[in-house]
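Fold and contact review
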Amino acid sequence: MISSIIFILILILTIVLFYKNVSVIVKNINLGKDLIINDNKPERWNRMFRVAVGQSKMVKRPVSGILHIMVYAGFILVNIEMLEIMIDGVAGTHRFFSGIPFYNVLISFFELFALSVIFACVIFIIRRDVIRVKRFHTREMTRWPLIDANIILITEILLMSALFCMNAADRVLQLRGVEHYMDTGHIFFSGFLVPLFSNLPDTSLILIEKTGWWFHIVGVFVFLNYIPYSKHFHVFLSFPNVFYAKLKPATYITNMDAITNEVKVAMGVLGEEAVADVEIERFGAKDAKDLNWKSLMDAYTCTECGRCTAVCPANITGKLLSPRKIMMDTRDRIEEVGHHMVGMSIKADEAQTLLGSYITPEEIWACTTCNACTNECPVDIDQVSIIMELRRYMYLEEAGGSGTLNAAITNIENNGAPWQFSPEDRMLWAEGLEVPTMASQLAQGKTPEYLFWIGSAGAFDDRYKKVTREFVKILNHLKVDYAVLGTEESDSGDIARRAGNEMVFQMQAMMNIEVLNGYEVKKIITCDPHDFNTIKNEYPDLGGNYEIAHHSQFLQQMIAEGKLNLNSGELKDKKITFHDPCYLGRGNKEYEAPRSVLDALPGNRVEMKRSKQFALCCGAGGGQMFKEAEKGDKEVFIERTEEALATGCDIIATACPFCMTMMTDGIKYQNREEDVKNYDIVELVAMSLTI
Ligand code: SF4
Ligand code: SF4
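From a predicted model like this one, the values you see are computed outputs, not experimental measurements.

The rules behind the values
Residues numbered from 1 in each chain as written. Chains lettered and ligands numbered in written order. Predicted model: local features only at pLDDT ≥ 70, side-chain atom pairs only at ≥ 80, totals over all residues. Helix = DSSP H or I, 4+ residues; strand = E, 2+ residues; numbered from the N terminus. Buried ≥ 20, exposed ≤ 12 C-beta atoms within 10 Å, placed from the backbone. Contact = placed C-beta atoms within 7 Å. Near = placed C-beta within 6 Å. Nonpolar A, V, L, I, M, F, W, Y, C, P; charged D, E, K, R; others polar. Expected span 1.5 Å × (residues − 1). Pairing = 2+ DSSP bridges. Domains from an automatic or database assignment. Axes fitted to C-alpha atoms, helices over the stretch in contact; angles between N-to-C directions. Parallel < 35°, antiparallel > 145°, perpendicular 65-115°, else oblique. Left-handed = near helix turned anticlockwise from the far one by under 90°. Core = buried A, V, L, I, M, F, W, Y, C linked by C-beta atoms within 7 Å.

Quick look at the overall build of the protein now. For the protein, the count of helices and strands is 32 helices and eight strands. With the principal axes as the frame, the protein shows a C-alpha extent of 100 × 65 × 45 Å. In the protein, which comprises 691 residues, the proportion classed as buried is 45%. A separation of at least 24 residues holds for 81% of the contacts in the protein among residues at least 6 apart in sequence.

Written out as structure tokens, the structure is:
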């Protein structure tokens, strides 16, 4: 009776405290900006079951993935036993379910999982503290995060061990026929401990059994109230977090609707009255409260596993950026803001900000927006959207980024390209070639089937102009009904958007959409994966809806239809490795098209160690192409080129103008220009084409 009252009081206290702790977290998440996410519920449920319940992303890295699943499954299943413990605690019974058939088999089954939890936790401790796996010891993983992880692992081992001691002592008491200890039958795993306890007197055994029982249940209650202060809150938040995760392609960046009307006014599409009554507190994010609630939920869901940081090209090459730190800083800061709002003045809260006090500009400018981090995260956290919001603040409210990046964006604004070329020179690449323009076709009353989108690099970068020309030759050879915009094309705005200058992006996008829609363009082909991504995924937000193919997809289709005869022997015996462009691969899940094009050529294709979804970025995305790299041990392009050269390849094949610049520079840096070449897949097709 007394023990039941004590149990019920502890249970009530646990529930009250847990409710209070969780309420604080919910309140802090709600400090974020509003965001409505209610689209495509079936896909959201599906994803939640696959990723959060089914742990599908964990097994990408098999060793730690399987160990984690052992802890996860064990924790859930062993806690089913909690149901019996709770009933016993409240009703004062002992092993309430022991009368059900195969009770001992069920308990043995729970013990199996308890054992797997102990095994996995021991391995985790060894990996963290003995082997010292690198991702657990980066600069943000000191003091509390390091201690927290060990507290959790040791607590889980102790809780599970208590179960075994309780069951073994109970079994000995059962065999001795002690009152209240009804026979459950042999319990398999704790059965091995029975001989250890068999010489102890009944009183000691009852003490061990009762202590094991109370230790386990009180331990679970304490653990429950510790979790909200720990990274382990992900055991609850991972489900809603995955449910509300971004469904669009990883490289899609949300439109800033707050700016759209301003841009329309600037372009004369809307009158001044459209923005007259609109008051925007702040563009982008300077502090945690400026982020939306989903980003704050992301921060609370972070398990601090460091998988994102381990694959981040910036971090790998010694730069300050760590996507895990971005999430930890965001959580620490919103907790601080929430704390100040409850107990102290708002003024004290404003003494610090997320950008500046926690995250430095150097960190956010190191990001290549490659999305290796979002791809890796087991709980579908979107680290890049926080980085983007901080960059947007820098561009829209402060001085922007580095001088060279600012200059590139000014050029886009003034000349429609990131370099200082006149828009009138946009067709110089086509000198000597037959290239129809949309205007000339329209004048003849024709509507071409395809628009070939050249992109700024395709029009102005000396090396990539050669790729554009080769692709046009292939289009002409195939007698494809196409045309280009010529001087009516302008920069897609991809670089401006990734840098954070949403104003320039939307201006460029709206200008291009007006031209494309004016020509009633339906199908587009492009050689540039960045423009491919922007036009495919981001232009629809501003009224541009087109069917767009990357040149690799177009070539794949032509080859499949038998329209290209690729038998020329030029590439025979050549070893070719393919570098996946992030904006084609991870961004838009296209890994096979470029590979099937290469497989149709006479050479031999070899894979790099990191390829497809695990491919390392070339280092040029997210505006990096137009700025100095942030301080680090190495440049990203050197790391990637070294990996390509390690395959023993003769050719590094690329399918992106930025990747081409980076790989070519990498080959030069390694003094391998004589024996290793870099070609776009279009050039390789052109070399192999027999006409
Ligand atoms: S997008 Fe790439 S560079 Fe940026 S934080 Fe993620 S992994 Fe690092
Ligand atoms: S953001 Fe995701 S991958 Fe990175 S540490 Fe947190 S949980 Fe792990």
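As a matter of local geometry, ligand 2 sits amid 15 residues, with Cys302, Cys305, Cys308, Arg324 and Cys377 nearest to it. Sorting the residues of the shell around ligand 2 by element identifies helix 13 (307-311) and helix 15 (323-343) as the ones contributing at least two each. The element contributing the most residues to the shell around ligand 2 is helix 15, with three residues. Its residues assigned to classes, the shell around ligand 2 shows eight nonpolar, three polar and four charged.

Turning next to the site of ligand 1. The immediate surroundings of ligand 1 are formed by 14 residues, with Cys312, Cys367, Cys370, Ala372 and Cys373 found nearest. Of the residues assigned to the shell around ligand 1, the class counts are ten nonpolar, four polar and no charged.

Take helix 5 (residues 103-130) next. Helical periodicity: at 3.6 residues per turn, an α-helix aligns residues three or four positions apart in one direction. In this model helix 5 runs 39 Å from its N-terminal to its C-terminal C-alpha over 28 residues, within 8% of the 40 Å that 1.5 Å per residue would give. Listed in full, the buried residues belonging to helix 5 are Ile107, Phe110, Glu111, Phe113, Ala114, Ser116, Val117, Ile118, Ala120, Cys121 and Phe124. In this structure, the buried residues of helix 5 make contact with helix 3 (62-78), helix 4 (81-91) and helix 6 (143-175). Positive phi appears at arginine 132, one or two residues downstream of helix 5, with a value of about 55 degrees.

Let's shift gears to helix 30 (residues 636-645). Those residues of helix 30 not exposed but buried are Val636, Phe637, Glu639, Arg640, Thr641 and Ala644. The inward-facing, buried residues of helix 30 contact helix 14 (313-316), strand 5 (575-578), strand 7 (651-654) and helix 31 (657-669).

Moving on to the pairing of strand 8 (residues 677-680). For a regular strand, side chains alternate in direction, first toward one face of the sheet and then toward the other. One ladder, built from four bridges, connects strand 7 with strand 8; its direction is parallel. Within strand 8, the position partnered with isoleucine 651 by the bridge is lysine 677.

Along its sequence, the protein is organised into domain 1 (2-30 + 61-243), domain 2 (257-403), domain 3 (408-558) and domain 4 (569-688). Measuring from the centre of the C-alpha atoms in domain 2 to the corresponding centre in domain 3 gives 31 Å. Contact with domain 2, which involves 13 residues of that partner, is made by nine residues of domain 3. Considering only residue class, the side of domain 2 that touches domain 3 consists of seven nonpolar, four polar and two charged.

Our focus in this paragraph is the sheet that holds strand 8. Two orientations exist for strands paired in a sheet by backbone hydrogen bonds: parallel and antiparallel. A sheet is described by the order of its strands in space; here four strands give the open sequence 6-5-7-8, paired in parallel fashion. The sheet is open, and its two borders are formed by strand 6 (604-606) and strand 8, each paired with just one other strand. Within the sheet, the average angular offset between the axes of one strand and its neighbour, ignoring direction, is 35 degrees. Direction of pairing for strand 5 relative to strand 7: parallel, over a ladder of three bridges. Considered in strand 7, the bridge of phenylalanine 578 is made with alanine 653. Contacts between helix 32 (residues 681-688) and the sheet are confined to strand 7 and strand 8, with strand 8 contributing the most and set at about 90 degrees to the helix.

Further remarks concern the packing of helix 5 against helix 6. Relative orientation of the contacting elements helix 5 and helix 6 amounts to 150 degrees, with a least axis distance of 9 Å. Here helix 5 is positioned roughly antiparallel relative to helix 6, judged by the angle of their axes. The chirality of how helix 5 crosses helix 6 is left-handed. Of the residues in helix 6, those touching helix 5 at Ile107, Glu111, Ala114, Val117, Ile118, Cys121, Val122, Phe124, Ile125 and Arg128 are Ala149, Asn150, Leu153, Glu156, Ile157, Met160, Ser161, Leu163, Phe164 and Asn167. Partitioning the contact of helix 5 with helix 6 into residue classes produces 14 nonpolar, three polar and three charged.

Once that is clear, we can look at the packing of helix 1 (residues 2-29) against helix 12 (residues 293-301). Packing of helix 1 against helix 12 brings their axes to within 8 Å, and their N-to-C directions diverge by 140 degrees. The orientation of helix 1 with respect to helix 12, classified from their angle, is oblique. Contacts between helix 1 and helix 12 pair Ile25, Asn28 and Ile29 from the former with Trp293, Leu296, Met297 and Tyr300 from the latter. Residues that form the contact of helix 1 with helix 12 fall into these classes: six nonpolar, one polar and no charged.

Moving on: unusual backbone geometry. Of note in this structure, aspartate 380 is not a glycine but carries a positive phi near 55 degrees. Its place among the elements puts aspartate 380 in the loop between helix 19 (372-376) and helix 20 (383-397).

What follows is about the nonpolar core. Leu390, Leu451, Phe452, Cys618, Ala653 and Ile681 are the most contacted members of the largest nonpolar core, which has 140 residues in total. By residue number, the principal contributor to this core is helix 20, which donates eight residues. When sequence neighbours within four positions are dropped, the list of residues in contact with cysteine 618 reads His579, Val636, Phe637, Arg640, Phe658, Cys659, Met662 and Met663. By size, the runner-up hydrophobic cluster in this structure holds 30 residues, among which are Val71, Ile85, Ala114 and Met160.

The next thing to look at is the sheet that holds strand 2 (residues 482-483). Reading across from one edge, 2-1-3-4 is the order of the four strands in this open sheet, with parallel pairing throughout. Each edge of the open sheet carries a strand with a single partner, namely strand 2 and strand 4 (547-550). As paired elements, strand 1 (residues 450-453) and strand 3 (residues 523-526) share four bridges and run parallel to each other. Within the sheet, the bridge partner assigned to tryptophan 453 lies in strand 3 and is threonine 526. Those strands touched by helix 28 (residues 551-560) are strand 3 and strand 4, and its axis lies near 85 degrees from that of strand 4.

Structurally, the position occupied by glutamate 362 is in helix 18 (residues 361-364). Overall, glutamate 362 belongs to the exposed group, with 12 C-beta atoms counted inside 10 Å. Between the C-alpha atoms of glutamate 362 and valine 172, which are 190 residues apart in sequence, the distance is 64 Å. Setting aside its immediate chain neighbours within four residues, glutamate 362 contacts Leu320 and Glu630.

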